Structure formats: C-alpha cells, structure tokens
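Residues per chain are reported as follows:
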Amino acid sequence: MICFDVLHPYYLPQYFPVMEELIARGETVKFVVYRSVDQQAVLDHIVAAHQLDTHWVDSTDDALNFYLAAKPSWIIFGNAFEHIDKLKGHSKSAMVQHGMGPKACYYQVSESDFDVRFVEGEYRLKRLQNMFPRKTFVDTGYAKLDPIIQGKEPGLDLISLGLDHNKPTILYAPTFYPSSIEKMAKDWPRLFSEYNILLKPHYFSMTKSTYKKQKQLLEHWASFTNVYLATLEQTNLLPFMASADLLISDTSSALFEFVALDKPVVWCDFYHLRWSYRGIFKFRFDRRVDEDLYKYAAVAAHAKTFNDLKRAVDEQIEAPNSYAPQRAKYTYELAGKVDGLCSQRIVDYLLSGKG
C-alpha cells in the first residue's frame, strides 16, 4: 500500500496523476485526509467525486498512529511532516511539493528528513543538492501538468459557466500572500469586458478569516457577467489553465505552471504588503519570497501597477509568442521535462526498491 498525506485539499491535483499511474500498475493507494471545520464539506465532496479510498484523521498525531499501524511501503507528502523521523524503519517517505515557483519555502521544506524528494529540473536538483548534500533528490518533472500534456484534461465548458466562447479567456490566479488582489481596481472586470475572466484564487483566500477582504473582492468581481469564480470544490487549477488563453498572476506557482504550457503570462509586480513586511521589516518579505522571483522575471510581460495591466494583457493576447523563447528557456530550469511522463518517473522510482 502507498499512502498520500492530504493536509490540504489543494495537494490533490499534484497527487492524482501519480495515483492513476500507481493504480494502472496494480498498486493499492490510500489517502490520509485531515478533517477540517472550515473545509470539511469540500473534502467530503472531493473524496466522493473521485471515489478515494480514504482514512480520516484529526491531526498529525492521528496520521502518525495510522502510518505506524498500517506500515505502508511509501507515504507521499506535499509539505513537511513534523513526525517524519518516527517513520524511519516503518515506511519510506517521499515529498511531491504541491507547487513550484519563487516561494522560499520550496527549498526550506527540504530540511525535513524525507527519504526522497522528487523535484522539477536540473537547476532545482542542483540547488537542493548543494543545500542538503546528504539528502536524496530525484529529477522527475512536475507531475501535476501530466493530464494537460497527455491531452486528458478537456478544460471547462465556458458556455455552461455563462461565458462567451467567442471571447479570449483570461485566468486570474493570484496567491493569498503577498497578493495582488487588494491592488486590483474594484471594477476591473468591466475594464476587461472584451474578455472572459476566470477567477481561481488560492484556497486560503476563500476560506481563511485573515483574508476575508480578498474573498469579498473576489465575490464582487464574480457579479460581472464576463466573470466566473471557481467554487471551493474546484481545487484543481488544470481545467482553468487548459481553458485560458492568458494568465494574470503574482507570486503564485500558477505563474510558472502556465509558463510551462507555453502560454502568455502577465506578471503583476504590485502586491499588498502588511505593515509588518514593509520598510525596516522588508526582510520578512525577502525571507518569504525566494531570489528566483527576480531570476526568472524575464519569463513574462510585467505590469508594474494596475494601470499597466490592461495594456500588457492586450499586447500579449495580440502577440502570444513574444515571450516563447524565454518560456522555453526557463521552463527547462523550473519545471524540467514537460512531456506528460513525470508521474511515470515518480512511480518508477517508488516501485524500483530504491529509497
């Protein structure tokens, strides 16, 4: 048996391609899902919709007890696990990071003592290996994108969502912090009336009280006739990416995922920062956002302020291949091979007896 540790529902899109490959090879899989007051209905819906073999837990202590009793051959995590050291000698552990991009936590999470971490591309592999020379990293590519590359992801039915299939479609997929949401104009969908707009915010923007103002803005924008806001159950970004002609984003890993599909991106350089991240406290922002944010800035068109956004979008829709060479160059470094076979490489390793 191979287990997937589901601390948050947004880990699942990264897990599903690996799950499907394991099942295709006759392996038994189980999802260890954490109950949650603010997201239980969503979790119940996803588990039922995908018919997941699920073991429910209330905490990492519960999860540990299950793992020690069940003794799965592998446990796959999407983030750090505080009891990872207690699994040694019982089960092997692997990490499949739930996102990629400029967040410093992408690297910091490897301080956890996983038996192996699957990574995307030679640049990431070398950097992680230099940071943690005694740990095992394997370059497999970014499994989440496999369904799109394989042609298995049909995207959204825009007409059923009340949108116009004759219009170009924009996907706005901001992260929760630091985010561009608060810096967007309150009526910006009206200014982009010639486009369909898909809103796919981070899960926390819609569920955490800390970000209630973001939720209010998103729900207001959803009232415009050219806008569709993803439901909480729609945790998977893939259908939205498959349906969009262009992405608007900020520091979200969605930016680099969309780039890997060789589609145009407009990168928002305007973020809302709490006072505790400004001025003399800017080091907190620098600590949260990795240097890769600046290293890969040339991968997309930029909007320095909201007032620059419409022009940048129009230009990229008119000339979608203008950044194609940069996308190809940086995709190789950030995502590795984008060939639809990433989940196969992960499963090859899991079943090889290594680790």
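Preceding block: the structure.
Predicted model, so just to flag it, every value in this text is computed and none were measured. (Residues numbered from 1 in each chain as written. Predicted model: local features only at pLDDT ≥ 70, side-chain atom pairs only at ≥ 80, totals over all residues. Heavy atoms only, no water.)

A.B. asks: Would you mind showing me how to read the overall build of the protein chain here?
C.D. replies: What the protein chain contains, in helices and strands, is 16 helices and 13 strands. Relative to a compact globule of 355 residues, whose C-alpha radius of gyration would be 20 Å, the protein chain shows 20 Å and is just as compact. Dimensions along the principal axes, computed over C-alpha positions, put the protein chain at roughly 60 × 40 × 40 Å. Expressed as a percentage of the 355 residues in the protein chain, the buried residues total 55%. Contacts spanning at least 24 positions in sequence make up 66% of the contacts within the protein chain whose residues lie at least 6 apart. Counting only carbon and sulfur atoms, one obtains 51% of the accessible surface of the protein chain, whose full area is about 15200 Å². For the protein chain, the distance from the average site of its 41 positive side-chain charges to the average site of its 43 negative ones is 5 Å. (Helix = DSSP H or I, 4+ residues; strand = E, 2+ residues; numbered from the N terminus. Rg over C-alpha atoms; globule rule 2.2 N^0.38 Å. Buried < 20%, exposed > 50% of the residue type's maximum accessible area, 1.4 Å probe, protein only. Contact = heavy atoms within 4.5 Å. Areas by Shrake-Rupley, 256 points an atom, 1.4 Å probe, with all protein chains shown as cover. Lys, Arg positive; Asp, Glu negative; His and termini not counted. Charge placed at Lys NZ, Arg CZ, Asp CG, Glu CD.)

A.B. asks: I keep staring at the sheet that holds strand 10 (residues 227-229) and nothing clicks. Help me out?
C.D. replies: Strand pairing within a sheet occurs via backbone hydrogen bonds; the two strands may be parallel or antiparallel. If you walk across this open sheet you meet the six strands as 10-9-8-11-12-13, and the pairing is parallel. Edge positions in the sheet fall to strand 10 and strand 13 (301-303), since each of these pairs with one other strand and no more. Strand-to-strand twist across the sheet, computed as the mean angle between neighbouring axes with direction ignored, equals 20 degrees. Here strand 9 (residues 196-199) pairs with strand 10 via three bridges, running parallel. What sits directly across from Ile197, in strand 10, is Val227. Together, strand 8 (169-172), strand 9 and strand 10 form the strand contacts of helix 9 (residues 212-221), whose direction differs from that of strand 10 by roughly 140 degrees. (Pairing = 2+ DSSP bridges. Axes fitted to C-alpha atoms, helices over the stretch in contact; angles between N-to-C directions.)

A.B. asks: Even after reading the chapter, I still don't get unusual backbone geometry, so can you show me in this structure?
C.D. replies: Positive phi outside glycine occurs at Gln51, with the angle close to 50 degrees. Here Gln51 lies in the loop between helix 2 (40-49) and strand 3 (54-57). Positive phi is not limited to glycine here, since Asp262 has a value of about 60 degrees. Among the residues examined, Asp262 registers a relative accessible area of 43% and is labelled partly exposed.

A.B. asks: Is there a simple way to explain the side chain of His83 in this structure?
C.D. replies: With respect to the helices and strands, His83 occurs in the loop between strand 4 (74-77) and strand 5 (92-96). With relative accessibility at 8%, the residue His83 sits in the buried group. Leaving out residues up to four positions away in the same chain, His83 has contacts with Thr60, Asp61 and Leu64.

A.B. asks: Looking at this structure, I do not really get the packing of aromatic side chains. What am I missing?
C.D. replies: The description of an aromatic ring pair rests on the distance of the ring centres and on the angle between the ring planes. The final tally for this structure, using the stated rule, is 19 aromatic pairs. An angle of 85 degrees between the planes, with centres 5.6 Å apart, marks the rings of Tyr10 and Phe204 as edge-to-face. Of this pair, Tyr10 sits in the loop between strand 1 (2-6) and helix 1 (12-24) while Phe204 sits in helix 8 (residues 203-207), and the two are 194 residues apart along the sequence. Like Phe204, Tyr10 is buried. With centroids separated by 6.2 Å and ring planes inclined at 70 degrees, the aromatic side chains of Tyr67 and Phe81 adopt a geometry described as edge-to-face. Of this pair, Tyr67 sits in helix 3 (residues 60-70) while Phe81 sits in the loop between strand 4 and strand 5; the two residues are 14 residues apart in sequence, bridging distant segments of the chain. Neither Tyr67 nor Phe81 differs from the other in exposure class; each is buried. Feature note: the residues Phe4, Tyr10, Tyr11, Tyr15, Phe16, Phe31 and Phe204 constitute an aromatic cluster, connected by ring pairs. Sitting above the plane of the Phe204 ring, Lys208 keeps its charged end 5.1 Å from the centroid. Taking NZ or CZ as reference, Lys310 lies 5.7 Å from the ring centre of Phe192, over its face. (Phe/Tyr/Trp six-rings, centres within 6.5 Å; stacked < 30°, edge-to-face > 60°. Lys NZ or Arg CZ within 6 Å of the ring centre and 35° of its normal.)

A.B. asks: I'm lost on the sheet that holds strand 1 in this one. Help?
C.D. replies: Read from one edge of the open sheet, seven strands run 3-2-1-4-5-6-7, paired in parallel fashion. The open sheet has two edge strands with one neighbour each: strand 3 and strand 7 (137-139). Sheet twist, expressed as the average angle between the axes of neighbouring strands with direction ignored, equals 25 degrees. Sheet topology places strand 5 next to strand 6 (residues 116-119); three bridges connect them, and they run parallel. Note on strand 6: the bridge partner recorded for Met95 is Arg117. Where helix 3 meets the sheet, its contacts fall on strand 1, strand 2 (29-34), strand 3 and strand 4, and the angle it forms with strand 2 comes to roughly 160 degrees. Strands in contact with helix 16 (residues 342-350) are strand 4, strand 5, strand 6 and strand 7; relative to strand 6, the strand with the most contacts, it is inclined by about 165 degrees.

A.B. asks: Hey, could you run me through the pairing of strand 11 (residues 246-249) in this one?
C.D. replies: Strand residues, when the strand is regular, have side chains that alternate between the two faces of the sheet. Burial along strand 11 is two-sided: Leu246 and Ile248 facing one way and Leu247 and Ser249 facing the other are all buried. Pairing of strand 8 with strand 11, which is carried by three bridges, proceeds in the parallel orientation. If you follow Ile170 over to strand 11, its bridge partner there is Leu246. Bridging between strand 11 and strand 12 (residues 265-268) involves three bridges; their strand directions are parallel. From the neighbouring strand, Ile248 faces strand 12, where its bridge partner is Val266.

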